[in-house]
Amino acid sequence: MRTLHPLRHVRRPCHPPSLFAAATGALFALIIETAQATVPFISRLCDTDDLITNTLGACAGAALGALILRRLPKGTPLHR
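The structure presented is a predicted model; accordingly, all values stated were derived computationally and were not measured.

Remarks on the overall build of the chain
Thought 1: Each helix and strand counted, the chain has 2 helices and 0 strands in total.
Thought 2: Across the 80 residues in the chain, those meeting the buried criterion constitute 10%.

See the structure below:
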């Protein structure tokens with residue numbers, strides 16, 4: 001039985017693993033900044049600039065990883 005997926009015909013703007021990596025990096029940064037703001041015994045300060053720069057860094061790393069993987073020939077092993 002086939003399922004009807006609403007976004008089946010929409011062209012994806014980026015590579016799904018890189019999107020997952022960027023989203024995971026942003027979520028991790030958000031969790032760290034939230035913990036710094038809410039947990040009283042952590043002696044660190046919460047700053048939105050940290051959240052923004054960490055998210056941009058995760059996006060840049062994901063884009064760089066996608067670019068490197070795109071440049072590798074198909075079937076190239078990623079391990080030694």
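That was the structure; now back to the text.
Details of helix H1 (residues 16-38)
Thought 1: When the terminal C-alpha atoms of H1 are compared, their 32 Å separation across 23 residues agrees well with the 33 Å that a helix rising 1.5 Å per residue should span.
Thought 2: Within H1, burial applies to Ser-18, Ala-22, Ala-29, Glu-33 and Gln-36.
Thought 3: Buried residues in H1 make contact with helix H2 (48-71).

Some thoughts on a nonpolar patch on the surface
Thought 1: On the surface, Leu-64, Leu-67, Ile-68, Leu-69 and Leu-72 cluster together into a nonpolar patch covering about 440 Å² of accessible area.
Thought 2: Mapped onto the elements, Leu-69 comes out in helix H2.

Topic: the side chain of Glu-33
Thought 1: Secondary-structure assignment places Glu-33 in helix H1.
Thought 2: For Glu-33, a relative accessible area of 6% gives the class buried.
Thought 3: Sequence-distant contacts of Glu-33, that is, excluding residues within four places in its chain, are made with Leu-45, Cys-46, Asp-47, Asp-50 and Leu-51.

Comments concerning the confidence of the model for the chain
Thought 1: Considering every residue of the chain, the mean pLDDT works out to 79; 79% of them sit at 70 or more.
Thought 2: In the predicted structure, residues 7-13 sits below a pLDDT of 50 and forms 1 contact with residues beyond four places in sequence or in another chain.

Side note on H2
Thought 1: Taking 1.5 Å per residue as the helical rise, H2 with its 24 residues ought to reach 34 Å, and the 35 Å between its terminal C-alpha atoms agrees with that figure.
Thought 2: Ala-58, Ala-62 and Ala-66 are the residues of H2 that are buried.

Observations concerning the packing of H1 against H2
Thought 1: Closest axis-to-axis distance for the H1/H2 pair is 8 Å, and the angle between their directions is 160°. The angle between the axes of H1 and H2 places the two elements in the roughly antiparallel class. The crossing of H1 and H2 is right-handed. Residue-level inspection shows Ser-18, Ala-21, Ala-22, Gly-25, Ala-26, Ala-29, Leu-30 and Glu-33 of H1 in contact with H2, the latter providing Asp-50, Leu-51, Asn-54, Thr-55, Ala-58, Cys-59, Ala-62 and Ala-66.

Cut-offs used in this document
Numbering of residues starts from 1 in every chain and runs along the sequence as written. A pLDDT threshold of at least 70 governs which residues receive local features in this predicted model, and a stricter bar of 80 or more applies before side-chain atom pairs are shown or counted, although totals over entire chains, interfaces and linings include all residues. To get the side-chain values, all heavy atoms of the structure are used, and hydrogens and water are removed first. Starting at the N terminus, helices and strands are each numbered in turn, a helix being any DSSP run of H or I of at least four residues and a strand any DSSP run of E of at least two. Whether a residue is buried, partly exposed or exposed follows from its accessible area with a 1.4 Å probe, protein chains only, as a fraction of its type maximum: under 20%, in between, or over 50%, in that order. An expected span of 1.5 Å times one less than the residue number is assigned to each helix. We call two residues contacting when some pair of their heavy atoms lies within 4.5 Å. Like charges are joined within 9 Å and nonpolar side chains (Val, Leu, Ile, Met, Phe, Trp, Tyr) within 5 Å, but only among residues with over 30% relative accessible area and no salt bridge; these make up the patches. The Shrake-Rupley method, run with a 1.4 Å probe, gives the accessible areas here. Residue values count only the displayed protein chains as cover. Note on definitions: salt bridges are taken to be side-chain nitrogens of Lys or Arg within 4 Å of carboxyl oxygens of Asp or Glu. Across the chain, each position has a pLDDT score giving the predictor's confidence in that residue, from 0 to 100. Interaxial angles span 0 to 180 degrees and are taken between N-to-C directions of axes, which are lines fitted to C-alpha atoms, for helices over the stretch in contact. Convention used here: angles under 35 degrees read as roughly parallel, angles over 145 as roughly antiparallel, angles from 65 to 115 as roughly perpendicular, and any remaining angle as oblique. The handedness criterion is simple: a crossing whose near helix is rotated anticlockwise from the far helix by less than a right angle is left-handed, and one whose near helix is rotated clockwise is right-handed.

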